[in-house]
Amino acid sequence: MTSNNILVLPGDNIGPEITSEAVKVINQVKQSFNLDVNVAYGVIGGEAIDNFGHPCPIETINLAKSSKAILLGAVGGPKWDSLELVSRPEQGLLKIRKELDFYANLRPACIFDDLSNSSSLKSEILEGLDLLIVRELVSGIYFGEPRGIFTNDAGDREGFNTYRYSEPEIRRIAKIAFKLSMQRNKKLCSVDKSNVLEVTRLWREILIDESENFPEVALTHMYVDNAAMQLISNPRQFDVIVTGNMFGDILSDISAMLTGSIGMLPSASLNSDNRGLYEPCHGSAPDIAGKGIANPLATILSVAMLFRHSLALEDAAKVIELSVKEVLSEGYRTVDIFTNSIEEKCLSTIEMGDMVIKKIKELVH
Ligand code: IPM
Ligand code: MG
């Protein structure tokens, strides 16, 4: 494995459109910083089902294992909706997360000042928002066994899943969340449902125990229903939120809307040796696929996270983030964040990618 192999998995619908802009950014950064970075491609999701009969073929897993980082577009779409749960495109994503043990999912929600009018919430409650959701990604109810649908003795069908966490699984995500809190404002809120669910009672117990190793971090706890409400009513009270797989899935979509558009939210999913899977938080958006209007910024910002966390190239990460910020402050928008103001110019996916690249070139010479 050369140290800087990046595997790109474009996936379905808008996936290829947004990842091709992100790859342009990788190539520009590679050139501007004179880096040794190699990009290879693989298949995942519906495309992989159609061509290889599996949403995450073994070839993709092998390529992923020999890469330092993976950049993924999005998977899924109506074309595959009628498939059984176990063979849907989403399984490809779950499989790659699980196989490479990408357990720590970092979902930052930061408001770009220039976009505070794009959210459906009032800009005064959002100004300066900068929160990070740390979601456990390879266990919990998504993966718990037993699971299934069966017919009970009364002849009625029953569906069931298992919500479980082992102590080591909780402890390792807690450690990551505490460490990240130490690099930020030293405030960590653990979200659970420990008034009802034993599994999250254990979660809370371990968080409290682990906090002894991080005495500078102020640890608080919140039930998930309250956390959903607080994210809407007073989001700036949060710095880092740590939670399980399903609650994190839901809360991160809520926090995405705080930033104006889900088209802006990047994510990193790390394993214990900092290899990572980087993807936008949004889905494959079949309704706009092929129209050239998808917002590539969440994927481009995921590339910044990739340079930061898996390649340890903080300067490159910062330049990408700054370029996005400046492009936005110059009024360039894709349609999802366009508010029709005369200071704004609405761009296509490709034009937005080009604009970020132009900015990177200006910032690094
Ligand atoms: C996400 C997505 C996935 C998840 C789906 C596509 C399996 O919603 O990354 O948030 O639930 O984890
Ligand atoms: Mg989700």
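Residues numbered from 1 in each chain as written. Chains lettered and ligands numbered in written order. Predicted model: local features only at pLDDT ≥ 70, side-chain atom pairs only at ≥ 80, totals over all residues. Heavy atoms only, no water.

A. Focus on the packing of helix α10 (residues 297–309) against helix α11 (residues 314–329). Contact geometry for α10 and α11: axes closest at 6 Å, N-to-C directions at 160 degrees. Between α10 and α11, the angle is such that the two are roughly antiparallel. At the point where α10 passes α11, the crossing takes the left-handed sense. Listed contacts from α11 to Leu297, Ile300, Leu301, Val303, Ala304, Phe307 and Arg308 of α10 are Glu314, Ala316, Ala317, Lys318, Ile320, Glu321, Val324 and Leu328. In the contact of α10 with α11, the residues fall into 11 nonpolar, no polar and 4 charged. (Axes fitted to C-alpha atoms, helices over the stretch in contact; angles between N-to-C directions. Helix = DSSP H or I, 4+ residues; strand = E, 2+ residues; numbered from the N terminus. Parallel < 35°, antiparallel > 145°, perpendicular 65-115°, else oblique. Left-handed = near helix turned anticlockwise from the far one by under 90°. Contact = heavy atoms within 4.5 Å. Nonpolar A, V, L, I, M, F, W, Y, C, P; charged D, E, K, R; others polar.)

B. Here's a closer look at the domain arrangement of the protein chain. For the protein chain, the assigned domains are domain 1 (1–103 + 286–365) and domain 2 (107–270). Contacts between domain 1 and domain 2 engage 22 residues on the former and 26 residues on the latter. Together domain 1 and domain 2 conceal approximately 2300 Å² of surface at their shared face, both sides included; 65% is due to carbon and sulfur atoms. In terms of surface lost to domain 2, no three residues of domain 1 exceed Arg97, Tyr103 and Met305, which account for 31% of the buried area on that side. Along the contact surface separating domain 1 from domain 2 lie 1 salt bridge. With a closest N to O distance of 2.8 Å, Asp101 and Arg172 form a salt bridge. The tally of links from domain 1 across to domain 2 stands at 9 residue pairs in polar contact (both at pLDDT 80 or more). (Domains from an automatic or database assignment. Buried area = accessible area lost by both parts, 1.4 Å probe. Salt bridge = Lys/Arg side-chain N within 4 Å of Asp/Glu carboxyl O. Polar contact = N/O pair within 3.5 Å; in protein donor to acceptor, adjacent residues only side chain to side chain.)

C. Up close: the site of ligand 1. What surrounds ligand 1 is the set Glu90, Leu93, Arg97, Arg107, Arg135, Tyr142 and Asp249. In the model, an oxygen atom of ligand 1 is placed 2.5 Å from a nitrogen or oxygen of the Tyr142 side chain. Interatomic distance of 2.8 Å between a side-chain N/O atom of Asp249 and an oxygen atom of ligand 1. Taken by itself ligand 1 offers 320 Å² of open surface, and the protein chains cover 76% of this. Broken down by element, the shell around ligand 1 gets its largest block of residues, 3 residues, from helix α4 (residues 89–99). (Near = heavy atom within 4 Å. Areas by Shrake-Rupley, 256 points an atom, 1.4 Å probe, with all protein chains shown as cover.)

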